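Structure assessment
Here is how the chains run, residue by residue.
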Amino acid sequence: MIVNNLLPAGLTAYKQTPIFDQDSLPAGLRREHRTKAGVWALIHVVEGSLLYRILEPPSEQVLLVGVPGIVSPEQPHEVSPLGPMRMYVEFYSAGRVEREPHTSQVL
């Protein structure tokens, strides 16, 4: 599912994670992390629901099927499953990205 109308014009999808469930969701996505400069992301829920927390500025959103979470470049965020769920992340950029699309921040 591509929801490009939610992102700035001119971005291109370049990477997608595997589908994770409540058990396989990596710890790095459950704690504060951020995308690199110039990298946007869409968090897609395939089944169930997911709590998406933006840490700066603080906000929370429950993501459902058809209601993706939008991650702006370098925006600190984290996610938490709300029961059984399946999700994946699509990464977008205006140019070529040389490195991994995200970083983890350990507090």
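For the structure itself, look to the data block above.
Conventions adopted
- Residues numbered from 1 in each chain as written.
- Predicted model: local features only at pLDDT ≥ 70, side-chain atom pairs only at ≥ 80, totals over all residues.
- Heavy atoms only, no water.
- Helix = DSSP H or I, 4+ residues; strand = E, 2+ residues; numbered from the N terminus.
- Contact = heavy atoms within 4.5 Å.
- Areas by Shrake-Rupley, 256 points an atom, 1.4 Å probe, with all protein chains shown as cover.
- Buried < 20%, exposed > 50% of the residue type's maximum accessible area, 1.4 Å probe, protein only.
- Polar contact = N/O pair within 3.5 Å; in protein donor to acceptor, adjacent residues only side chain to side chain.
- Core = buried A, V, L, I, M, F, W, Y, C linked by side-chain atoms within 4.5 Å.

1. Here's the deal with the overall build of the protein chain
From N to C terminus, the protein chain includes one helix and 10 strands. Moving toward the C terminus, one meets the helices and strands of the protein chain in the order β-β-α-β-β-β-β-β-β-β-β. In the protein chain, 77% of the contacts between residues at least 6 apart in sequence involve partners at least 24 apart. When the accessible surface of the protein chain is totalled, it reaches about 5800 Å², and 54% of it is carbon and sulfur.

2. So, the side chain of Ser80
Here Ser80 is to be found in strand β8 (residues 77-81). Look at Ser80 and you get buried, because its relative accessible area is 19%. A distance of 3.1 Å separates the side chain of Ser80 from the side chain of Arg53, its partner in a polar contact. Filtering out sequence-adjacent residues up to four positions away, Ser80 remains in contact with Leu50, Leu51 and Arg53.

3. Focus: unusual backbone geometry
Backbone torsion omega between Glu56 and Pro57 reads -10 degrees, so that peptide bond is classified as cis. By secondary structure assignment, the location of Pro57 is in the loop between β5 (50-55) and β6 (58-63). Even without glycine at this site, Glu74 takes up a positive phi of about 65 degrees. Within the secondary structure layout, Glu74 lies in the loop between β7 (69-71) and β8.

4. Focus: the nonpolar core
Counting residues in each nonpolar core, the largest one holds 17 residues, and the members touching the most others are Leu25, Ile43, Leu50, Tyr52, Val79 and Met87. When contributions to this core are tallied by element, the ones reaching two or more residues are β4 (39-47), β5 and β9 (86-93). Looking at this core, the element that brings in the most residues is β4, giving four residues. With five residues, the next largest nonpolar core counts Leu11, Trp40, Leu42 and Tyr92 among its residues.

By themselves, these figures tell us nothing about what the structure is for.
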